[in-house]
Amino acid sequence: MISCNQTKHVPQEKYLLQKNVLTVSGDKLDKEAMNEIIRQQPNRTLLGVKFRLWAYNRETYFHIIKSDSATIADKRFKQNQKLYQTNQRRRNKQNRINEKRISKAKADGDSLYYEKIIPLKDSLNPRKFFREWLKYKIGEPPVVFDSASFDRSVSQLNSYLNRKGYYFGNVRGELDTNERKRKITAQYILETGKPYYIDSLIIDCENPSVRQDYQKFRSKSYHPTLVGEKLDSDMLSAYKSRVAKYMRDNGYYGFSPAHVLFNADSTGKEPMKVNLTILFTDRFIKDSDQTIQKKQAVYRIRNVYFHLADTLFYKQNFRSDVARKGISLTQNNFLNTLDTLRYNEIKMTRKQKKEAKLPLDIDTLVQHRKATFLYNTKPYIRPNILEMQNYLEEGNYYKEYYLERSYTSMSGLGVFQSIKPELIEIEGKDSIDVHYYLVPAEKQSYSFEPRFTNSNSFLGLSASINYNNKNLFRGSEKMTISLGGGFESTPAVFEKNLDGKKTKYADRAFNTFEFGPSIQFDLPGLLPVPFKILTKRQKPRTILSLAYNIQQRYDFNRGVFQFNYLYKFVLDKTQTMQIGLPFASVIKFVSISNRSEAFVQKLEQSNDLFLRNAYSDQFIWQDFKITYEYNNRGADNPKRTSLFYSANFDHAGLLTSWISKNTDTLTNQKTILGVPYSQFARIDNEVIIGYPIDKKKSFNFRVAAGAGVPYGNKNPSLPYDYGFFAGGSNDNRGWRARSLGPGTYKYYLDTTRTETQIGDLRLSGSAEFRFSMSKMFKGAVFVDAANIWTLKEDVNRIGSQFSLDFYKQLALSAGFGLRLDFSFFVIRLDFGIPLNNPALPNGSKWIFQSRQAYYQEGLDKFGSGYKSLIPKPFSPSLNFGIGYPF
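These remarks concern the structure in this document.

Rules used in this analysis
Residues numbered from 1 in each chain as written. Predicted model: local features only at pLDDT ≥ 70, side-chain atom pairs only at ≥ 80, totals over all residues. Heavy atoms only, no water. Helix = DSSP H or I, 4+ residues; strand = E, 2+ residues; numbered from the N terminus. Buried < 20%, exposed > 50% of the residue type's maximum accessible area, 1.4 Å probe, protein only. Lys, Arg positive; Asp, Glu negative; His and termini not counted. Salt bridge = Lys/Arg side-chain N within 4 Å of Asp/Glu carboxyl O. Polar contact = N/O pair within 3.5 Å; in protein donor to acceptor, adjacent residues only side chain to side chain. Contact = heavy atoms within 4.5 Å. Phe/Tyr/Trp six-rings, centres within 6.5 Å; stacked < 30°, edge-to-face > 60°. Axes fitted to C-alpha atoms, helices over the stretch in contact; angles between N-to-C directions. Left-handed = near helix turned anticlockwise from the far one by under 90°. Nonpolar A, V, L, I, M, F, W, Y, C, P; charged D, E, K, R; others polar. Pairing = 2+ DSSP bridges. Parallel < 35°, antiparallel > 145°, perpendicular 65-115°, else oblique. Core = buried A, V, L, I, M, F, W, Y, C linked by side-chain atoms within 4.5 Å.

### Digging into the side chain of Lys778
Next, step 1: Locating Lys778 in the fold gives a position in strand β34 (residues 777–789).
Next, step 2: We note that Lys778 is buried and unpaired, the nearest opposite charge coming from Asp821 at a distance of 4.5 Å.
Next, step 3: Side-chain polar atoms of Lys778 contact the side chain of Ser772, separated by 3.3 Å.
Next, step 4: Residues in contact with Lys778, not counting those within four places in the same chain, are Phe771, Ser772, Met773, Gly817, Leu818, Arg819, Asp821 and Tyr884.

Pasting the structure below:
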């Protein structure tokens, strides 16, 4: 398949470009950047094979399907004829329908009719048939070596050296030709020589305000000082852009990189060093036919206007009313407005409130949140909500990042289809007017969402029907009503039945059915705190949600009712926090019903308090819930390393312990509505670090640690949904999902063991080296370490208790993975091999050690037939996942 003639379609006396070889001697330079300069790149490879070239060159597939150019062109001609005939039939049908509608309108005395438009098939870019798609979309024609492109590449590489400060460098090109195979290798040999360095910096600026602010810019530690740096044109260009951005962020409207100039003087005494002068220039503004020179100055905001371009509440004929008033229908390509509202909220400082006397003198008060709203009949969104998103306030200094923040904040409301800010400079004054042109989005929508899920290696297939309202009460209140259901593959609670046979349906895919409705409200502010007392920097949102979910398994049914009352804060670009309503953050009721007789008998036989607690009715009233997240991935970060950190704190049972009066006589537990309530405190942390080596390779690390303490009301363990698990595609990939641990528990000697292991503490870490094999195929090599523990010794799982030797009880695995990156989602296959199993006896814990001690334990426990009862140690695990593991 891969050994076909690659030069089949290369013209005679021409050569196929096999590869480019870039050799650099002297200082280290960015080879990836230099490779992008080379104009001709060879055909792309996948695992070393020019698959795309092969697809283009093939004339038959499987010796049956013809795929030569003539055959494909002939079929394309026939397809185009069919396409033309189809479109012609559609045009004729459209004309017939419209003729009937015109006749009917004339008969009824109407001057207008609804035109029927039948969409035509695309004849300019018709859909490709399979062979055409494979040859011309997937396939890639051979890259024929071009000497002119080769010479230009050599010249541009030389220019690259000059830009980097190497004015005495040299670039030469050489060709390695294989006459027999008609292939050529292009070699680019660079000798850098010595670069120029910046010896001193001279500031040439006649504007004292600009000079002062530039000195403030230089004092920032994250900006380069220039002195001692190479005379790098790209670095200086980026420096100019940073200076201009800093100036605009500090009030200098219209300041651009073109207002910063550099002059390098190399005639000094020091060899290979230059004296650099940075020159700041004035602005030049075009006014009619003349250009006016204006000094750089700090600008203020004069007026703020919100143009709500819609007629949603307009009852009359808007077009006719506008024409009658002599107003144009549009302004700046947006719908014009007829009504005006001046929003002016007044606020006093604490001192002013103390000293205030009646009647109040309005001029002595601090005024803020002022703006002008232009709309038709009624604003689509309440003015106080919309003004809250604007940071360019009247009377304040202009700052460009305030404009960016305002745009982001308005977009975050989710109620606008289009947002266009426009700044208008006031002639003769150092001030500007701010105009926001806003087009509302569709308020209501319905959607159907099919989902393929993968949770800890458990595959699922589900779908939901959703109703969304983005602006329920004209305050960007979002309401979502969903009705969803689906199937999921879940493991059996017990690996074997009472008779010792494998649990029925345990290995079946999609063996669990889930179904349930939900409703969620996403409201601005801190309900019930009045919205107007909040500051613009806070802008929290209140999230109320109510859901019920029924899960039908082969051994029991599980129903979950849950109510959440949460406050969400966006602290900045990188930080978010959620805080639950104190003493009513989450209310959750879990009901276990229709338990099979075999499941009940197995549960009683195990005599495991942890299991009984996990698979019984539970009432969870969370008093406090706090979630914090820091994420600089994708943010403007001067460092190369990315960092993600999340922390979760949950506390439940405090309020219920105060109000509970009833006690279960059998368990001696206090109850709410006849169900024992849970009391626990839980904290969980996760840190993810990504270090990119280049665009195709990176190191990635993760550490996760969490602990939960069940207390009071005789709770033996954490509720199932709040427990910790180990193993699986997103944890230790040498073990099946949720099968690892706890501690040194010898699961292989326990005939009543469960498929899912749960604990009160967890510690895990992963290191992964990721690399790109092609645009779609990615690879990884990884090492994982993880385990879970219980706070107290579980008599049914000896060795599960956490101890100071926890670091010796971490299970270790390693492996490699293959990922298919489809841009919008990633399919992942990870092959993990256990290296160290803490549950195994000494002398057999490591994969390279003897298995004798392990098999001896099996022999001592089960006798001669032990090999059929204990699993084979260090069996590799194949994990399927959606998305990256972290």
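### Looking at the packing of aromatic side chains
Next, step 1: Summed over all chains, the structure comprises 45 aromatic pairs.
Next, step 2: Measuring from centroid to centroid gives 6.2 Å for Tyr239 and Phe262, while their planes differ by 50 degrees, and the two rings are tilted. Note that Tyr239 is positioned in helix α7 (residues 233–249) and Phe262 in strand β7 (residues 260–265), a separation of 23 residues in sequence.
Next, step 3: Phe262 sits in the partly exposed class, given a relative accessible area of 24%.
Next, step 4: Taken together, the ring pairs connect Tyr214, Phe217, Tyr239, Tyr246, Phe262 and Phe280 into an aromatic cluster.

### Quick look at the packing of helix α6 (residues 208–219) against α7
Next, step 1: Where α6 meets α7, the closest approach of the two axes is 10 Å, and the angle between their N-to-C directions is 115 degrees. In this structure, α6 crosses over α7, and the sense of that crossing is right-handed. Here α6 contributes Val210, Asp213, Tyr214, Lys216, Phe217 and Arg218 to the contact with α7, which in turn contributes Tyr239, Arg242, Val243, Tyr246 and Met247.
Next, step 2: Taken together, the residues of the contact of α6 with α7 sort by class into 7 nonpolar, no polar and 4 charged.

### Looking at the sheet that holds strand β5 (residues 183–191)
Next, step 1: Ordered by their spatial adjacency, 3 strands build an open sheet running β1-β5-β4, and the pairing between neighbours is mixed. The open sheet terminates on both sides in strands that have one partner only, identified here as β1 (16–25) and β4 (170–178). Neighbour-to-neighbour, the strand axes of the sheet open up by a mean angle of 15 degrees, direction not taken into account.
Next, step 2: Sheet analysis places β1 next to β5, joined by 9 bridges and oriented parallel. Pairing of Val21 across the sheet is with Gln187, part of β5.
Next, step 3: Strands in contact with helix α5 (residues 147–163) are β1, β4 and β5; relative to β4, the strand with the most contacts, it is inclined by about 150 degrees.

### Section: the pattern of salt bridges
Next, step 1: This model, assessed by the stated rule, comprises 40 salt bridges.
Next, step 2: Between Glu686 and Arg702 there is a salt bridge, with the nearest N and O atoms lying 3.7 Å from each other. Taken together, the residues span a long stretch of sequence, with Glu686 in strand β31 (residues 680–692) and Arg702 in strand β32 (residues 697–710) at a distance of 16 residues.
Next, step 3: Residue Arg770 pairs with Glu768 through a salt bridge whose shortest N-O separation is 2.5 Å.
Next, step 4: Of the residues examined, Glu768 reaches a relative accessible area of 1% and is grouped as buried.

### Observations regarding the packing of α7 against helix α11 (residues 400–413)
Next, step 1: Taken N-terminus to C-terminus, the directions of α7 and α11 make an angle of 80 degrees; their axes are 6 Å apart at the nearest point. Taken together, α7 and α11 sit at an angle that is classed as roughly perpendicular. Two secondary-structure elements touch here, α7 through Lys245, Arg248 and Asp249 and α11 through Glu400, Tyr401 and Glu404.
Next, step 2: Classifying every residue of the contact of α7 with α11 gives 1 nonpolar, no polar and 5 charged.

### Section: the nonpolar core
Next, step 1: Counting 39 residues, the largest nonpolar core has Phe306, Leu386, Phe416, Tyr436 and Leu438 as the members making the most contacts within it.
Next, step 2: Non-local contacts of Phe416, meaning those with residues more than four positions away in its chain, are made with Leu308, Ile381, Leu386, Met410, Leu438, Val439, Pro440 and Ala441.
Next, step 3: Judged by nonpolar contacts, the second largest core, of 24 residues, contains Tyr196, Val210, Phe217 and Val243.

### Quick notes on the pairing of strand β22 (residues 541–552)
Next, step 1: Where strand β21 (residues 512–524) meets β22, 10 bridges bridge the pair, whose relative direction is antiparallel. Pairing of Pro524 across the sheet is with Arg541, part of β22.
Next, step 2: One ladder, built from 12 bridges, connects β22 with strand β23 (residues 557–570); its direction is antiparallel. Bridged to Leu546 within β23 is Phe563.
Next, step 3: Remark: 4 residues form the turn of the hairpin made by β22 and β23, two consecutive strands paired antiparallel.

### Observations concerning the sheet that holds β7
Remark on secondary structure: sheet strands pair via backbone hydrogen bonds, oriented parallel or antiparallel.
Next, step 1: Strand order across the open sheet formed by 3 strands is β6-β8-β7, with mixed pairing between neighbours. Edge positions in the open sheet fall to β6 (197–204) and β7, since each of these has one partner strand only. Averaged over neighbouring strand pairs, the angle between their axes works out to 25 degrees when direction is ignored.
Next, step 2: Judged from the 6 bridges that link them, β7 and strand β8 (residues 273–280) form a sheet pairing that is antiparallel. What sits directly across from Leu261, in β8, is Leu279.
Next, step 3: The sheet contacts of α6 involve β6 and β8, and relative to β6 the element is tilted by about 150 degrees.
Next, step 4: Relative to β7, α7 is tilted by about 145 degrees, and along the sheet it contacts β6, β7 and β8.

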